[in-house]
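Here's the letter readout for the chains.
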Amino acid sequence: MTERTPLLHYRLSTSVNESEPRSPPAGRALVQHPGPAGRKSALQGQPKKLSIFFGVVIPTLLSMFSVVVFLRIGFMVGHSGLYQAIAMLLVAYFIICMTVLSVCAISTNGALDAGGAYYMISRALGPEFGGSIGIMFFLANVCGSALFVLGLVEAIVATFGVPEDGSLATSSYQVLPSGYWWSLLYATGVALLCLLVCLVGAHIYAKTTFLIFLVVMFVLGTVFVSFFVVGPRTIVLPGSAAFNPTANGTGPPFPTTGNFTGFKLDTLLGNLYADYTVDYTTNTVMTFATVFAVMFNGCTGIMAGSNMSGDLKNPSYSIPRGTITAVIFTFIIYNLLSILVACSCDRVLLQRDYSFLRDINIWNPFVTVGVYSSTLSAAMSNLIGASRILYALARDDLFGKVLSPAKKTSHSGNPWVSVLLSWFLVQLVLFSGKLNTIASIVTIFFLLVYAAVDLACLALEWASAPNFSPWRGAQSDLNDYTNRPDGRRSVCTFISHTCTLLHPGGRVWQDANWVRKYLLMLDVRKDHVKFWRPQVLLMVSNPRSSVGLIKFVNDIKKSGLYVLGHVQLGDLNTLPSDPLQSQYDSWLSLVDHLNIKSFVNLTLADSVRHGVQHLLFISGLGGMRPNTLVLGFYDDCLPKDKLIDPSLSTGQSTDPSDCLLEADPQPPLFLFSSLRGSSDRQDCGEFGDGKVLGPREYVAIIADAMKMLKNVVLARYFNGFDRARVLSPPSSSSSSAVYVDVWPVNLLRPDSCSYVDTCSLFLLQLACILNMVRAWRRATLRLFLCVEEGRSVRGSEEKLGQLLKELRIKAQVYSVPWDQQVALHWQRQGEWGKKPPPPPQSPNNTTDEEEEEKQRADEHEEENDDDYVNSFPSNATRLSDDYLSAVNKLILESARPAPAVRFLYLPRPPADTRRYTTYLDQLELLTRDLGPTLLIHGVTPVITTDL
């Protein structure tokens, strides 16, 4: 099944002339917007979407009030007592609150379509699991609709029906015949009324439910007032002559009347504890479970708003806020009614008369109207919800041609065939005849659906997918206790290591067959961007100088594949044995010592470039392959050995004998060579070797990785990065704040100001991933927009703010004027346009010769518009050192206080290999003295708004 991923098509442009056409960023589709006439006609053909109040709050409130609030609140207190009634409410609302939080987490994680909970589950756990849950959820709504129809019929018969026992009618309104078949006929009529409303569409349904909502709120207000203004009275119990719990008639006579006593302490004391007895409608003995099953049906309406997801203006915004509002309101009402009932009605009245609220109201018809209205709206809500779920199931083609007719919709988008099929099944369920008979079935269905929603949310949380970034209030932190990325061992890790030592026999899940089985399930053809995560290959020359970078990359891997790669130069033909085999133990000991979750992959090659190619080709297995290459920066800074001093490595106690000491006669822990001196050109010890790796080969490695569609990250100034110091607990001083700065613009292209190409979104995603790590959660993301005077600064900020909202990224946006820096750039362009480049000063000056050749190539080079933004500029030699130094100074001065790490845009290397040295020198000048900095280039989409 092909996944449809809605792409974000934003372009933040600070161009003076907004009318100038611009080519789309690389890797992004160009959206054709219709003209005014086409847009107007398109809007006229689509139905209006529902708001949070009409689409979520009202349907959820009415579905949760429905039968329980008017017909079963006394039943619950009468059988279970006030204590157990409140306990039932707490248990029920604990269950639904967990489900509501899961719904909020999933619904705020991306764009929702029709199908409600089914859509959430199928998009989270897959169509196979979602299909089975979807059918069950569909049946739950069908049975729920039938339940509310039967509740309405029960209320109608209780008011207007002739007594079945043949006794005289107590009211002149009791004219309707009673009995099973008559009740079935009335139920069929009510179901047809619901069908007609649902066939018209969701918009008419919303208007109908709003009127019903006003009626129900008014009636509910009269119920609360009646407890205080109505005096004590005796009420005749329904069906007294026919109901006799004693089989042989020798027992004491059962009361035929009940009392409304008003607020009395004796009444409250008599209703505190449970007294389960026979239900007068089904003649079965009630228990805690059966009463809870009936009561829980008043809580199953929490999905009413979610079921309308396809008809809402903004489902991700409306569903969590509307559902939580309705849940809090109903919880308060249920508890207040339970207390008022327990204080004012004797137990016989509560157990024997489900319609007692009508008899104690200031005007009896008020409650009757409220019961009719609430149950009718709940029946319609479940019917229209069932039809939307069936339509979503049919549209996903999970059951082939069986459900293909359910795909048909009207011109307004109403799935009328699904409505008819749902109504037909509701009619079949109505043959059960009694509300309490199907109440337990409905409760089981909804409990299973709620468990599935919770499981879907838990699975997404445990999977730690970077694109699962829901509403903060709904996100679970369960994985924080089993996967501690901050370097401290959790209890689970400690137990795991302890069991490994105590039981050397191993475990069955360590069998390679388990790994093979699940690796085969990782089919790269079924990959989806919403489950993308960094799969990192970090190239390490000497771990002694790379401790800071190794631990930092461990933070941004987001539970993905993490491989430490190392290239040793040599030729196996000239060596007596493989020199790498003896090194694996030291590398694995390093992984344990630093407490990171990483694999180690070593290779032997004739050059570093070929070795990196080997590792990119062969690292990983199946669908677990590196998609991101991390390299240390190529510069002249002096490396420091972080494995000698234990206090500078992991912060935990390490015996000095474990380190490499020349005088130590014991087998060393780390067999890594000592670091070079400062006279050699190096890379902070993170990658390569100044004696064997030149600048051109270094840039060639970057180009090779991009050709292989690997994302590339260059890390600079991480040799002295101290993670423990940077993430130390905050103190009273303001300097303890942690910042992560993101500059999502190609600073080597001052003539381009696109912030939303593939590479920019990759920067945002990596910064967001870092902010998801528990130890980095208190860090603040800061995004910097480079703007020029007179251009739409506010417009750019608003567009970027909307983009961050769509991507669910919390960050502070700052506008940075860079008119002076851009002026330096264009001044240099003018100089190059007025005069040719200077001739070479000497025949041995290869640099000037290369500059002249580059200039000639620039004059004949045609740029590819599709790769305009993230490409290395054709006028690379025209970027003066003054401009780069000014931009470097701008970055330093704009970020106060200094951030813990910076994320900068890495452009593609030039196509002309003769420019590699110039490219590297410009990167060096751009990032000079910036502190820990990541130069990042992304080649694949990594962010989606799809659920």
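Quick caveat, the model's predicted, so the values are computed rather than measured. (Residues numbered from 1 in each chain as written. Predicted model: local features only at pLDDT ≥ 70, side-chain atom pairs only at ≥ 80, totals over all residues. Heavy atoms only, no water.)

1. A few points about the sheet that holds strand 11 (residues 901-905)
Within the open sheet, the ten strands sit side by side as 5-4-3-6-7-12-11-8-9-10. Their pairing is mixed. Among the strands making up the open sheet, the edge pair consists of strand 5 (599-605) and strand 10 (812-817). Direction aside, the axes of adjacent strands within the sheet are offset by 25° on average. As defined by bridge partners, strand 4 (residues 562-569) adjoins strand 5 across seven bridges and the pair is classed as parallel. Within strand 5, the residue paired with leucine 569 across the bridge is alanine 605. Docked against the sheet, helix 23 (residues 758-772) engages strand 6 (628-632), strand 7 (711-716), strand 8 (739-743), strand 9 (780-787), strand 11 and strand 12 (933-937), running at close to 165° with respect to strand 11. (Pairing = 2+ DSSP bridges. Helix = DSSP H or I, 4+ residues; strand = E, 2+ residues; numbered from the N terminus. Axes fitted to C-alpha atoms, helices over the stretch in contact; angles between N-to-C directions. Contact = heavy atoms within 4.5 Å.)

2. Considerations on helix 5 (residues 180-200)
End to end, helix 5 covers 31 Å across 21 residues, agreeing with the expected 30 Å (1.5 Å per residue, within 8%). Taken together, the buried positions of helix 5 are Ser183, Leu184, Tyr186, Ala187, Val190, Ala191, Cys194, Leu195, Val197 and Cys198. (Expected span 1.5 Å × (residues − 1). Buried < 20%, exposed > 50% of the residue type's maximum accessible area, 1.4 Å probe, protein only.)

3. Quick look at the side chain of serine 344
Along the chain, the position of serine 344 falls in helix 10 (residues 315-344). We classify serine 344 as buried; its relative accessible area is 0%. A polar contact of 2.7 Å, which involves the side chain of serine 344, links it to the backbone oxygen of leucine 340. (Polar contact = N/O pair within 3.5 Å; in protein donor to acceptor, adjacent residues only side chain to side chain.)

4. Digging into unusual backbone geometry
Geometrically, the link from arginine 896 to proline 897 is a cis peptide bond, its omega value of 0° lying close to zero. Relative to the helices and strands, proline 897 is located in the loop between helix 27 (881-894) and strand 11. One non-glycine residue, leucine 709, lies in positive phi territory at about 60°. Looking at where leucine 709 falls in the secondary structure, it is placed in the loop between helix 21 (695-707) and strand 7. The exposed category is assigned to leucine 709, whose relative accessible area is 56%.

5. Description of the packing of aromatic side chains
Here the distance between the centres and the angle between the planes together describe a pair of aromatic rings. Under the counting rule described, the total for this entry stands at 29 aromatic pairs. Ring geometry for tryptophan 363 against phenylalanine 366: centres 5.0 Å apart, planes inclined by 80°, an arrangement best described as edge-to-face. For the pair phenylalanine 446 and tyrosine 450, a centre-to-centre distance of 6.0 Å together with 45° between the ring planes defines the contact as tilted. Of the two residues, phenylalanine 446 and tyrosine 450 both sit in helix 15 (residues 435-463), four residues apart, roughly one turn of that helix. Phenylalanine 446 gets classed as buried once you look at its relative accessible area, which sits at 2%. Taken together, the aromatic side chains of Phe137, Phe288, Phe292, Phe296, Phe446 and Tyr450 make up a single cluster linked through ring pairs. Over the ring of phenylalanine 75 we find arginine 72, and its NZ or CZ is 6.0 Å from the ring centre. A cation over a ring is seen here: arginine 782 above tyrosine 739, with NZ or CZ 4.1 Å from the ring centre. (Phe/Tyr/Trp six-rings, centres within 6.5 Å; stacked < 30°, edge-to-face > 60°. Lys NZ or Arg CZ within 6 Å of the ring centre and 35° of its normal.)

6. Observations regarding the pairing of strand 3 (residues 536-539)
Neither face of strand 3 is exposed, since Val536 and Leu538 on one face and Leu537 and Met539 on the opposite face are all buried. Note that strand 3 and strand 4 share four bridges and pair parallel. For valine 536, the partnering residue across the bridge sits in strand 4 and is tyrosine 562. The parallel pair strand 3 and strand 4, bridged by helix 18 (residues 547-556), forms a crossover whose chirality is right-handed. Bridge count for strand 3 against strand 6 is three bridges, and the pairing is parallel. Bridging from a neighbouring strand, leucine 538 pairs with valine 630 of strand 6. (Right-handed = clockwise from strand over helix to strand, strands pointing away.)

7. Focus: a nonpolar patch on the surface
A cluster of nonpolar side chains, contributed by Val225, Phe228, Val229, Phe263, Ile362 and Trp363, occupies part of the molecular surface with about 630 Å² of accessible area. With respect to the secondary-structure elements, valine 225 resides in helix 6 (residues 202-229). What makes valine 225 partly exposed here is its relative accessible area of 40%. (Patch = residues over 30% accessible without salt bridge, like charges linked within 9 Å, V, L, I, M, F, W, Y side chains within 5 Å. Areas by Shrake-Rupley, 256 points an atom, 1.4 Å probe, with all protein chains shown as cover. Salt bridge = Lys/Arg side-chain N within 4 Å of Asp/Glu carboxyl O.)

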